[in-house]
Amino acid sequence: MAQLNFGGTWEEVVTRDEYPLPQAQQYLANKTIAVLGYGVQGPGQALNLKDNGFNVIVGQRPGGASWDKAVADGWVAGETLFELAEATQRADVVMYLLSDAGQISAWPVVKENLNPGDTLYFSHGFAVTFNEQTGIVPPDDVDVVLVAPKGSGRSLRTLFQQGKGLNSSYAIFQDVTGKAKETATALGIGVGSGYLFETDFKKEVYSDLTGERGILMGAIAGLFEAQYNVLRNNGHSPSEAFNETVEELTQSLMPLVADNGMDWMYANTSTTAQRGALDWRHRFRETNTPLFEELYASVASGEEARVVIEANQKADYREKLDQELEALRNSEIWQTGQQVRKLRPENG
Ligand SMILES: NC(=O)c1ccc[n+]([C@@H]2O[C@H](COP(=O)([O-])OP(=O)(O)OC[C@H]3O[C@@H](n4cnc5c(N)ncnc54)[C@H](OP(=O)(O)O)[C@@H]3O)[C@@H](O)[C@H]2O)c1
């Protein structure tokens, strides 16, 4: 554990210096780790663990796209690839990485095949926190831990291949062996995390649902549309509106923020931009705070979970989702985006 000062607040974090990979390998040397689900997180975590020298098998329902993907990635049916029940039975650590909706329907099978002393691992606090709605109540003779990479499983894999890592949170929900914390730490390092910071299941899911509905996806998409529409309604061309709203942000400014922080990005723009942005920043914060409060309350009350579970249970969920995404793709702002991307010099 390293004690670090985050802007005046001290936090304990774990890096590969405090808990090196060989220690994780040694700790889990005799354990079989089953990764259930081979969607987005499943492949990232399973392949990273395997490449890091752990004993990994994959559990997946046969006949679907994910089974074929697992086979294409080198998992062998009957040797390292099994149906959910058998993979769970064979494992000491069960990493439950089906979609959150899939976790609800597969739970009876997984629960029945857990062995006392096993570790049940999640990458999201959703199933356990909203157990009144999901029905997922872990048996009281297993450890229950969480490691949640802060990003897509795809990035987890590509960053690992580049020798980098996504930061992850970790949490302990139930510790029957007295070793749950070390198990979570070893798995967090094993899946290729950058640094690990502690949370609990509830905080993980509250922050995650707020983040993705807010800045990471919902708010950013809404703000893009609002500014783009105002520019278009005032006679600006699609090219001008898109470049001033999306392209400059993703191609020029956010990489500067990622590398050196917000103040550094501000310092490297014109004085005209700096002055106006510093003033307007306060208006945007104040105007949006009530909306973020409303969002957080909707997450904390379980309403967001209810909406998601209800939507996912509908037979035509995928079809309706595809229609919504198609409408987004066909909207003027993102059609313009397609053109602008094609015109980037590297794509020319
Ligand atoms: N997406 C991310 O990058 C990300 C990031 C951080 C945390 N997480 C968390 O990681 C977990 C996995 O998320 P994900 O995004 O990787 O999920 P996903 O891509 O939607 O994975 C779906 C997987 O679940 C299987 N599945 C779905 N319903 C099933 C059912 N009823 N029975 C059996 N298998 C079923 C699918 O198999 P088929 O192909 O057969 O349908 C597929 O392998 C979730 O808890 C999520 O919140 C995800």
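An unreviewed UniProt entry annotates the protein chain as Ketol-acid reductoisomerase of Marinicella litoralis. Listed in UniProt under the heading Catalytic activity (unreviewed entry), the comment for the protein chain reads: "(2R)-2,3-dihydroxy-3-methylbutanoate + NADP(+) = (2S)-2-acetolactate + NADPH + H(+)".

### Notes on the domain arrangement of the protein chain
Along its sequence, the protein chain is organised into domain 1 (2-199) and domain 2 (212-347). Just the C-alpha atoms count here: the centres of domain 1 and domain 2 sit 31 Å apart. Counting from both sides, the interface comprises six residues of domain 1 and, opposite them, seven residues of domain 2. Taking both partners together, domain 1 and domain 2 bury about 520 Å²; carbon and sulfur atoms supply 75% of that area. Contact with domain 2 buries area across many residues of domain 1, yet Phe126, Phe130 and Gln133 alone supply 72% of it, more than any other trio. At the boundary of domain 1 with domain 2, the tally comes to zero salt bridges. Viewed at the interface, domain 2 and domain 1 are joined by two residue pairs in polar contact (both at pLDDT 80 or more). At the level of secondary structure, the elements contributing two or more residues to the side of domain 1 that touches domain 2 comprise α5 (100-113) and α7 (131-134). Considering only residue class, the side of domain 1 that touches domain 2 consists of four nonpolar, two polar and no charged.

### Focus: the sheet that holds strand β7 (residues 119-122)
Pairing is mixed across the open sheet formed by 10 strands, whose spatial order is β1-β2-β10-β9-β8-β7-β6-β3-β4-β5. Either end of the sheet is taken by a strand with one partner, and the two such strands are β1 (2-6) and β5 (81-82). Note that strand β2 (residues 9-14) and strand β10 (residues 193-198) share two bridges and pair antiparallel. Within the sheet, the bridge partner assigned to Val13 lies in β10 and is Phe197. Against the sheet, helix α2 (residues 41-51) touches β3 (33-36), β4 (56-59), β6 (93-96), β7 and β8 (143-149), its axis set at about 160 degrees to β4. Packing of helix α10 (residues 201-213) onto the sheet brings it into contact with β7, β8 and β9 (166-174), and relative to β8 it is tilted by some 30 degrees.

### Points about a nonpolar patch on the surface
Among the surface-exposed residues, Ile215, Leu216, Met217 and Phe292 lie close enough to one another that they form a single nonpolar patch of about 430 Å² accessible area. Here Phe292 is to be found in helix α14 (residues 271-300). The exposure class assigned to Phe292 is partly exposed, which follows from its relative accessible area of 31%.

### Topic: the site of the ligand
The environment of the ligand is made up of 24 residues, and the closest members are Gln41, Gln60, Arg61, Ser66 and Asp100. Separating an oxygen atom of the ligand from a backbone N or O atom of Tyr38 is a distance of 2.9 Å. Contact between the ligand and Arg61: an oxygen atom at 2.8 Å from a side-chain N or O atom of the residue. Here the ligand, which alone exposes 900 Å², has 77% of that area covered by the protein. Among the elements that take part in the shell around the ligand, α5 stands out by supplying four residues, more than any other. Among the residues forming the shell around the ligand, the class breakdown is seven nonpolar, 15 polar and two charged.

### A look at the nonpolar core
For soluble globular proteins, the rule of thumb is that nonpolar side chains tend to be buried together. One finds Ile33, Trp75, Met95 and Tyr121 to be the most contacted residues of the largest nonpolar core, which totals 31 residues. Broken down by secondary-structure element, the contributors of at least two residues to this core are β3, α2, β4, α3 (65-72), β6, β8 and α9 (180-190). For this core, the element with the most residues is α9, which contributes five residues. Apart from the residues within four sequence positions on either side, Ile33 is in contact with Leu28, Leu49, Phe54, Asn55, Val56, Ile57, Val93, Met95 and Leu187.

### Section: the UniProt feature "domain: KARI N-terminal Rossmann" (unreviewed entry) in the protein chain
Here, the residues flagged by UniProt with the feature "domain: KARI N-terminal Rossmann" (unreviewed entry) are residues 4-199. Between the C-alpha atoms that bound residues 4-199 there is a distance of 16 Å. The span itself is 38% helix and 25% strand.

### Some remarks on the UniProt feature "binding site: substrate" (unreviewed entry) in the protein chain
Per the UniProt record, "binding site: substrate" (unreviewed entry) is annotated on Ser270. The topology assignment puts Ser270 in the loop between α13 (262-267) and α14. Look at Ser270 and you get partly exposed, because its relative accessible area is 40%.

What counts, and where the lines are drawn
- Residues numbered from 1 in each chain as written.
- Predicted model: local features only at pLDDT ≥ 70, side-chain atom pairs only at ≥ 80, totals over all residues.
- Heavy atoms only, no water.
- UniProt positions renumbered as here; feature names shortened; annotations may be inferred.
- Domains from an automatic or database assignment.
- Contact = heavy atoms within 4.5 Å.
- Buried area = accessible area lost by both parts, 1.4 Å probe.
- Salt bridge = Lys/Arg side-chain N within 4 Å of Asp/Glu carboxyl O.
- Polar contact = N/O pair within 3.5 Å; in protein donor to acceptor, adjacent residues only side chain to side chain.
- Helix = DSSP H or I, 4+ residues; strand = E, 2+ residues; numbered from the N terminus.
- Nonpolar A, V, L, I, M, F, W, Y, C, P; charged D, E, K, R; others polar.
- Pairing = 2+ DSSP bridges.
- Axes fitted to C-alpha atoms, helices over the stretch in contact; angles between N-to-C directions.
- Patch = residues over 30% accessible without salt bridge, like charges linked within 9 Å, V, L, I, M, F, W, Y side chains within 5 Å.
- Areas by Shrake-Rupley, 256 points an atom, 1.4 Å probe, with all protein chains shown as cover.
- Buried < 20%, exposed > 50% of the residue type's maximum accessible area, 1.4 Å probe, protein only.
- Near = heavy atom within 4 Å.
- Core = buried A, V, L, I, M, F, W, Y, C linked by side-chain atoms within 4.5 Å.

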